[in-house]
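Residue strings, one per chain:
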Amino acid sequence: MRDKMITFLLKNANPSIKRRVKNEILYDLALNEAEEYQAQILQEPMIQHIMACQKENGWIGTSLHGGIETQEGGTKFLAEKALDKETPVLKRAMDAFVSTPLDDWCYDTRGMIIDEFKVTGHGHNLIRCACIARAGFDDVIDISPQIQLSLDCFQRVLEVDSVLEITHPIRGGKLRVFNDNEKWPCRYHLDILAHTSSWKNEQNVKMVADSITKLMRTDRPELLNLVPSSWVGHALGPLGGFPAQGLTVKVTCLLPSPISIPNRGKPEVYQMEYMEWFARCGVVRYIPALREALDDIIRAVDDDGICRAPVLELKGWGPYCGSQLEVDWKSKIRKSCDITFRALLIQHYANKGE
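Residues numbered from 1 in each chain as written. Predicted model: local features only at pLDDT ≥ 70, side-chain atom pairs only at ≥ 80, totals over all residues. Heavy atoms only, no water.

A. Representation of helix 8 (residues 144–159) within the structure. Its 16 residues give helix 8 an end-to-end C-alpha distance of 22 Å, which sits within 8% of 22 Å, the value for a rise of 1.5 Å per residue. By the burial criterion, the buried members of helix 8 are Gln 146, Ile 147, Leu 149, Ser 150, Leu 151, Cys 153, Phe 154 and Val 157. On the buried face of helix 8, the contacting elements are helix 7 (124–134), helix 9 (187–194) and helix 10 (202–215). (Helix = DSSP H or I, 4+ residues; strand = E, 2+ residues; numbered from the N terminus. Expected span 1.5 Å × (residues − 1). Buried < 20%, exposed > 50% of the residue type's maximum accessible area, 1.4 Å probe, protein only. Contact = heavy atoms within 4.5 Å.)

Right under this line is the structure:
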């Protein structure tokens, strides 16, 4: 199936996917091929649009958190498109992360700095560091404190009986918020770990796997899909905070938090982004539910090398989604290329090192 998927993608996919297949999967990207793909990718309308949105200081758009026309969405899209790190539009955006102070209004907080070490599941610097990690600039810009913070957040899950120990009720018990200086994992912590490698050793990977296993349990109804809020002077939903229980890669709709809420008439489908990130972290081999999901996704690859697994169809890019590398899904072949590529990445990283 792996060879068939690769053959299908190298024949039908766009330059970004072809480049990443040859570089990430086959480890066989020639210099002349890399240069040719780079030139083709730079000419794509969306890349040109991002370049047009870039300010003189390198910042993309006017804000941080959001879709393609923001610093977050723009940098993550450029990174996923497999542009060279020295490409001016990407490098200038990373330079802007270095030169722009955290109290600048372009961070969307009206000059207030939300400390990601004091307020779990929040902090514009956490978003910033996830962008840096995704672009592969963690060897240029130091985000080691946030990598350790991400590990500590997963470790905290194993240190307490449940999230009830580190939160307190407000509004007459209708809402729970995290205590000050507490830790709990969210989407951005996982994003940072998935796209860095300095933290990876057997002990850390196994710890993250044990934490995820505990979060995926469903044996305590009072904890199922419970996602406490953060406190930033007022209650605010976390950045894709992980639930006390009920963490899943199969969902019925897109939500900031990786949980599934039953929806009559809508079957559960795979949210491939989370599955890919777990695979990149190296935890799939330790978690039977994720191994089963991997097997299910690969079983759905047909004889033409196309993955037919039921997936959450996320067109475009936003702060809580982003996997479409093809220009659009108006043709079935382009949609199949995007889905099949993600399935190939999941298989590759899940089995890496075995």
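After presenting the structure, the write-up continues.
B. Highlighting the pattern of salt bridges. Applying the stated criterion across every chain yields a total of 28 salt bridges. Taking the shortest distance from any N to any O, the salt bridge between Glu 24 and Arg 20 comes out at 2.5 Å. On the criterion of helical spacing, the pair formed by Glu 24 and Arg 20 is a turn pair, its members being four residues apart in helix 2 (residues 15–25). Across the pair Glu 33 and Lys 22 runs a salt bridge, and its minimum N-O distance is 2.4 Å. You can see Glu 33 sitting in helix 3 (residues 31–42) and its partner Lys 22 sitting in helix 2, a full eleven residues away along the chain. We classify Lys 22 as buried; its relative accessible area is 17%. Bridged by salt links that share partners, the residues Arg 20, Glu 24, Glu 72, Lys 76, Glu 80, Arg 134, Asp 191, Glu 276, Arg 280 and Arg 342 form one connected network. (Salt bridge = Lys/Arg side-chain N within 4 Å of Asp/Glu carboxyl O.)

C. Expanded view of the pairing of strand 2 (residues 175–178). As judged from the four bridges shared by strand 1 (residues 167–170) and strand 2, these two strands associate in the antiparallel manner. Bridge pairing links Pro 169 to Arg 176 in strand 2. (Pairing = 2+ DSSP bridges.)

D. Representation of the packing of helix 7 against helix 9. Axis separation between helix 7 and helix 9 bottoms out at 8 Å; the angle between their running directions is 25°. Taken together, the axes of helix 7 and helix 9 lie roughly parallel to each other. You can see that helix 7 and helix 9 cross each other, and the crossing is left-handed. Two secondary-structure elements touch here, helix 7 through Leu 126, Ile 127, Cys 129, Ala 130, Ala 133 and Arg 134 and helix 9 through Tyr 188, His 189, Asp 191 and Ile 192. (Axes fitted to C-alpha atoms, helices over the stretch in contact; angles between N-to-C directions. Parallel < 35°, antiparallel > 145°, perpendicular 65-115°, else oblique. Left-handed = near helix turned anticlockwise from the far one by under 90°.)

E. Up close: the packing of aromatic side chains. Under the defined criterion, the tally for this structure stands at seven aromatic pairs. Between the aromatic rings of Trp 59 and Phe 97, the centroid separation amounts to 5.7 Å while the plane-to-plane angle is 75°, which identifies the pairing as edge-to-face. In this pair, Trp 59 is assigned in the loop between helix 4 (45–53) and helix 5 (71–80) and Phe 97 in helix 6 (residues 88–99), connecting sequence segments 38 residues apart. This pair shows no difference in class: Trp 59 is buried, exactly as Phe 97 is. Relative to Trp 317, the ring of Phe 77 lies with its centre 5.3 Å away and its plane at 85°, an arrangement referred to as edge-to-face. Taken together, the positions of Phe 77 in helix 5 and Trp 317 in strand 7 (residues 317–318) put the pair 240 residues apart, joining distant regions of the chain. Residue Phe 77 shares its accessibility class with Trp 317, and that shared class is buried. Directly above the aromatic system of Phe 137 lies the positively charged group of Lys 85, at a separation of 4.9 Å from the ring centroid. (Phe/Tyr/Trp six-rings, centres within 6.5 Å; stacked < 30°, edge-to-face > 60°. Lys NZ or Arg CZ within 6 Å of the ring centre and 35° of its normal.)

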